[in-house]
Amino acid sequence: VSSGDTHRAVLKPVSFLRQVLAVCVYPELLEDKSLPLDVKIRAQKLLEACDGGSVGSYTASSGLSHVRQSIAEFITKRDGIPSFAENIFICAGSQRAIMIAVKLLASGEGTTRTGVLIPAPCPHTLYPLLDEADVVLVPYQLMEEKGWAVELDKLHQALQANRRNCEPRAIYISNPGNPTGHVQDRKSIEEVIQFAAAERLILLVDEVYQDSVYGKDREFISYKKVLFEMDKEYAETVELVSFHSLSSACVGECGMRAGYMEVVNMDPEVMYYFDNTLCGDISTPVTGQLALDLMVIPPQPGDPSYDTYIQETLFTLATLSHNAKRVQEFLNKLPGVSCQPAMGGIYLFPRLHLPCGIKEQAKVGNVPKNDVLYCQKLLEEEGVLAGAGQYGGITDSCHLR
Amino acid sequence: MSATRMQMLSSRSVRLLSRGRNEMLAGRSGAQRPGGDPRTRSLTCPPLSSSSSPGRALSSLSATRRGLPKEKMSENGIMSRAKVLTIDTMNPTVKKVEYAVRGPIVQRAVELERELSEGMKKPFAEVIRANIGDAHAMGQQPITFFRQVLALCSYPELLSDSTFPEDTKSRACRILQSCGGNSMGSYSASQGIDSVRQDVASYIVRRDGGVPCDPNNIYLTTGASDGIMTMLKLLVCGEGTTRTGVMIPIPQYPLYSAALAELGAVQINYFLNEEKCWSLDITELQRAVNEARQHCNPRALCIINPGNPTGQVQSRQCIEDVIRFAAKERLFLMADEVYQDNVYAEGCQFHSFKKVLFEMEPEYAETVELASFHSTSKCYMGECGFRGGYMEIINMDDEVKDQLTKLLSVRLCPPVPGQALMDLVVNPPQPGEPSYDTFIKERTATLSALAEKAKLTEQVLNTVQGISCNPVQGAMYSFPRITIPEKAIKEATEKGQQPDMFYCMKMLEETGICLVPGSGFGQKDGTYHFRMTILPPTDKLKILLNKVKEFHQRFIQQYS
């Protein structure tokens, strides 16, 4: 239960998505009588967008223009604010997208080396990624007692502590939070945007779990929407890159490796390099790109596949919501464990108050941290694989993901 | 020479990835730092194609012609807040990276296609993209068996569909069982799905006539490019005169020069011999490495066999010689073998570097470090869009292997559909199985069509005065040499363009044919070439070749 892999955990894929992909991969299925009409129509449209009508062709490096357009339409609909295809860059997963964005803004050396603010805790995949991008990590604490909320003080603290050993240039944040499950409200998002503007930081916002907010009285608002509804001095200037991918909760097609970033208010000359860098990847896997299209433009009411689609999505959301509540309650009843409620996403991040003895054992066994040792034992004794909190950057207390 | 000589890639010399590191590991991005040592810059980069820069900076704005409204800028002069990220403040290495195959000439081709579709009159009815090795885009048909199995894997409910042959179903089941949750949507292990790696190993054993292959040495990758890039990352380190140098062929596939530019490695060019059908000369390798030792630390030697863009297929003897050379000069061998099934010329045969290595004396077989790359994008499959690939690593230090695994895990895993496809490629239908006949028919048709087109291309181009084309022994391209009149060279220089870029741009505007100028791949000074794929269907290819002929004759006349 440590990785964000919903299919492995046996949540089912979206039927419509898989049906369309099957037809795109083997177009003879267009004649298949068992497949719904909307599946065939969509598959045909997608195949027309592919070079030579085949998913085996390369695409433009930033992605099929048809899919970029679909994503722009999705974002426009979601936020009520125009989004443009040329600002959308499709990559092999949000990991790749984040890497490209960070690499673009990384420069300097020694004390002028670029720094990136990252939350503690953060996704366990972020450390190795930023390490490879060769930037300085500037962690800011999230407030566990407040459900892992972002607090301005902590942001400032992190900046102050690191101004002398690097040049902070960007702030990474995930909303809904990974691994915390915290969902920011508008005010919180505005604060972060104002902070980024004042401190001249580029916003890197990971919104992969936007489709799974289940907390009461919480809803997902995109950073872009909030930004554009602020004053012009922010809306027209703050540089923002938002990330999304197939690894979302309801779609969960992690293995297909496709995601995108929307780049806003970026210098046009710099925009060129987003595409140029992507040329080295040649193109994102085409089945993944098509799956993105199907994710952002699902069946509509009235379509033959609509009912099944809604059922499947609601089931996934209900399962997540139900599990989040149950697991949190259960964990809170365990001695030495406390768990903040999650409002979205697919993880919980309980805290472990471990006895002193384990610290000794960790030292003896040369294990880096207590929570790592705990996870090792959990795996060996119960066959349950959980993630250790220290890999998400929490070093002075013990947590599980 | 001791048989147990120390392996070159001991973990001391490889950058160790560590968490939250503040200090720069020596020379990580050393070469491109502001005020950094200029000697660490790439050694005489072959002139990369470059059209005038307005085309570049404005390319991101070209979308406005599509009628899409542009992002609003602060036009009311509200707050001229300087951007955090500008051309001057961004990563300097990123700016150095250029990909000729997708460069300005392709951008122009895309524009022309758009203009045509909008009804603008042109001297041609369609743009023919003979620039990129994309078989399906040019009409090559996929292998039915592969697509059937992949469809079943995508939507397993189809397993009850009677139109699918039994062998496709059993294959799909086998693949799905090795995926987490029986779904292609699950992440796989970073190194790739176990059973696929085992199948790849078995394929290599069969291909190489029984030479053993350990599945633990197989890494599945996102196309071959991913593997090549990762290996280069491992190899590049040092600073100044100890900065890693990587030997690459000229002409080369531009991924290599781009990767080296991005990594700040020193590019060491060795020239292939055009007069001898683009063969590799050890004396030339020696010259290149000797010269390079004066200002960098040569550590790797890249070979593309069959060659891109040249198509030459190395003889067994040549491969042995290269291995001995690499051993002597302590170079890590990178063997790009993605075109291994694309061999057409009589008397030519594909020999894998691995096989040749293992059949040499133990002092080589047990010590020379080698990485071989393959992918699903070429050969008879042409499945570029799936981004399937693998690399086999031989004789690598164990600690370095651990670092390799760590590096690969950053991108989580290669695309699972691509892994599944690779499994089918290395494990195709066997005699007696229901899909066998169709499979063989399709594969043979594709490969023989390519062989025919290779010959046709060589023949027709050689009838043109001023064009001389070496035999296309393998791969998917012709790389003919063209003579460009002085007058044209002058005009090109005045425009700030490479002469062969000037030539290709003119060809594009007048005929709609999109080729890539030789300057994008590298060539001997004073020579000019272009790369053209042999992928269009035969009848179209004939028309294409004639148009090229006519254009060339016109061009010569115009500039004589």
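Residues numbered from 1 in each chain as written. Chains lettered and ligands numbered in written order. Predicted model: local features only at pLDDT ≥ 70, side-chain atom pairs only at ≥ 80, totals over all residues. Heavy atoms only, no water.

(A) Representation of the sheet that holds strand 2 (residues 114–120) of chain A in the model. Residues and elements named next belong to chain A. Strands sit in the order 1-7-6-5-4-2-3 across an open sheet of 7 strands; the sheet is mixed. At either end of the open sheet lies a strand with only one pairing partner, and these are strand 1 (88–91) and strand 3 (136–141). When strand polarity is set aside, the average angle formed by the axes of neighbouring strands in this sheet is 25 degrees. Here strand 2 pairs with strand 3 via 6 bridges, running parallel. Within the sheet, the bridge partner assigned to L117 lies in strand 3 and is V138. The sheet strands contacting helix 10 (residues 268–279) are strand 1 and strand 7 (259–264), and the helix crosses strand 1 at an angle near 20 degrees. (Pairing = 2+ DSSP bridges. Helix = DSSP H or I, 4+ residues; strand = E, 2+ residues; numbered from the N terminus. Axes fitted to C-alpha atoms, helices over the stretch in contact; angles between N-to-C directions. Contact = heavy atoms within 4.5 Å.)

(B) Main features of the UniProt feature "domain: Aminotransferase class I/classII large" (unreviewed entry) in chain B. Per the UniProt record, the feature "domain: Aminotransferase class I/classII large" (unreviewed entry) sits at residues 183–547 of chain B. Within the segment residues 183–547 of chain B, helix and strand shares are 42% and 16% respectively, and the terminal C-alpha atoms sit 49 Å apart. (UniProt positions renumbered as here; feature names shortened; annotations may be inferred.)

(C) Focus on the pattern of salt bridges. Residue and element names in this part refer to chain B. Tallied over the full model, the rule gives 41 salt bridges over all chains. A salt bridge links E113 to R129; its shortest N-O distance comes to 3.1 Å. You can see E113 sitting in helix 3 (residues 104–117) and its partner R129 sitting in strand 1 (residues 128–129), a full 16 residues away along the chain. A relative accessible area of 29% means that E113 is categorised as partly exposed. Through salt bridges with shared partners, a single network forms among R316, E320, R324, K355, E359 and E361. (Salt bridge = Lys/Arg side-chain N within 4 Å of Asp/Glu carboxyl O. Buried < 20%, exposed > 50% of the residue type's maximum accessible area, 1.4 Å probe, protein only.)

(D) Unusual backbone geometry, seen in detail. For the peptide bond that leads from A:N175 to A:P176, omega is -5 degrees, which places it in the cis range. Structurally, A:P176 is set in the loop between strand 4 (167–174) and helix 7 (186–198). The linkage connecting B:N308 with the following residue, B:P309, adopts the cis geometry, with an omega of 10 degrees. Relative to the elements of secondary structure, B:P309 occurs in the loop between strand 5 (297–304) and helix 10 (316–329). Despite not being glycine, A:R200 shows a phi value in the positive range, around 55 degrees. Within the secondary structure, A:R200 sits in the loop between helix 7 and strand 5 (202–206). Positive phi values are uncommon outside glycine, yet B:C277 reaches one of about 60 degrees. Under the relative-accessibility criterion, B:C277 is labelled buried at 18%.

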